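In case you want the letters, here they are:
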Amino acid sequence: MILFPAIDLKNGQCVRLEQGDMARATVFNLNPAAQAQSFAEQGFEYLHVVDLDGAFAGKPVNAQAVEAMLKTIKIPVQLGGGIRDLATVEAWLENGITRVIIGTAAVRDPELVKAAAKKFPGRVAVGLDARDGKVAVEGWAETSQVTVLEIAKRFEDAGVAAIIFTDIARDGLLKGLNLDATIALADAISIPVIASGGLASIEDVKAMLTPRAKKLAGAIAGRALYDGRLDPAAALTLIRDARAPGS
């Protein structure tokens, strides 16, 4: 189980949104590279970054901030937002991103995901963001008519590294992860699933480490880390102890 601290980029700054609404953004750090450095120093193993402006624009917008982060930290970074074609996938992977996350294009253009995953095995994840079980696209501005499971199943044998499943209703609101829906998805497919949206406290981390959640590959923490509701050291110690042999 990996706990990914999240950096969401808007106008070059590190922000958190509530339910994906750009009008409800809180700026937490003017310097995303410094924020990334802080997470690395706290002992996190993997960083989750989203180019929010890119998700709306359909192409990378905060590349400068991402590049500054990559220069600052040594831990791997997964990046989503505005990745809609193979050239963008390739450019980011060559620039030092460990794993790209394809969201909107996974719904609109599943062949892109399959081609990217084939060309870059283990380095392409799919971001599926659900509103009432249906997948939302274009920076969550639109809701499609397809369910998360229908889309996830399309990529079953494509070599996708992970599915990042976000419950939009909970995102940024500290209501707790929607573990029931996330575990149901993980149980229905063979691709590893990462939980996102609403992680609120150490209780969520404990729930991720219970036997029923054993198929989950990780969780993304955002606002709870910035608000100080989740103590990084305590969370990372719990995860390390759970990984120890015999635990």
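Here the structure is a predicted model, which is why all the values come from computation and not from measurement.

Cut-offs and rules
Residues numbered from 1 in each chain as written. Predicted model: local features only at pLDDT ≥ 70, side-chain atom pairs only at ≥ 80, totals over all residues. Heavy atoms only, no water. Helix = DSSP H or I, 4+ residues; strand = E, 2+ residues; numbered from the N terminus. Rg over C-alpha atoms; globule rule 2.2 N^0.38 Å. Buried < 20%, exposed > 50% of the residue type's maximum accessible area, 1.4 Å probe, protein only. Contact = heavy atoms within 4.5 Å. Areas by Shrake-Rupley, 256 points an atom, 1.4 Å probe, with all protein chains shown as cover. Core = buried A, V, L, I, M, F, W, Y, C linked by side-chain atoms within 4.5 Å. Arc of directions from axis to C-beta. Phe/Tyr/Trp six-rings, centres within 6.5 Å; stacked < 30°, edge-to-face > 60°. Lys, Arg positive; Asp, Glu negative; His and termini not counted. Salt bridge = Lys/Arg side-chain N within 4 Å of Asp/Glu carboxyl O. Polar contact = N/O pair within 3.5 Å; in protein donor to acceptor, adjacent residues only side chain to side chain.

A word on the overall build of the chain. Scanning the chain for helices and strands turns up 11 helices and 12 strands. The globule rule puts the C-alpha radius of gyration for 247 residues at 18 Å, and the 16 Å found for the chain is close to it. Along the first, second and third principal axes, the C-alpha atoms of the chain reach 40 × 40 × 35 Å. Within the chain, the proportion of its 247 residues that are buried is 53%. Intrachain contacts of the chain at a sequence separation of at least 6 include 69% that bridge at least 24 residues. Looking at the chain as shown, the accessible area adds up to about 10,300 Å², and 51% of this sits on carbon and sulfur atoms.

Judged by nonpolar contacts, the single largest core of 73 residues is most densely connected at L3, I7, L47, V49, I102, F155 and L230. For I7, the residues in contact, after removing those within four places along its chain, are C14, P32, Q35, A36, F39, L47, H48, V49, V50, M69 and Y226. Of all hydrophobic cores here, the second largest spans 9 residues; its members include A125, A162, I194 and I220.

The complete set of buried residues in helix 8 (residues 179–188) reads L179, T182, I183, L185 and A186. Projected down its long axis, helix 8 carries its buried residues within an arc of 160 degrees, all on one side. On its buried side, helix 8 packs onto helix 7 (148–154), strand 10 (162–167), strand 11 (193–196), helix 9 (202–208) and strand 12 (216–221).

If you walk through the whole model with that rule in mind, you get 4 aromatic pairs. Arranged with centres 5.7 Å apart and planes meeting at 85 degrees, the rings of F39 and F44 form a pair that is edge-to-face. Each member of the pair F39 and F44 is classed as buried. Here a set of aromatic residues connected by ring pairs shows up, and it is made of F28, F39, F44 and Y226.

On to the side chain of D129, then. As for its position among the elements, D129 is in strand 7 (residues 124–131). One buried charged side chain, D129, makes no salt bridge at all; its nearest oppositely charged neighbour is R84, positioned 9.1 Å away. Looking at D129, its side chain comes within polar contact range of the side chain of T166, at 3.2 Å.

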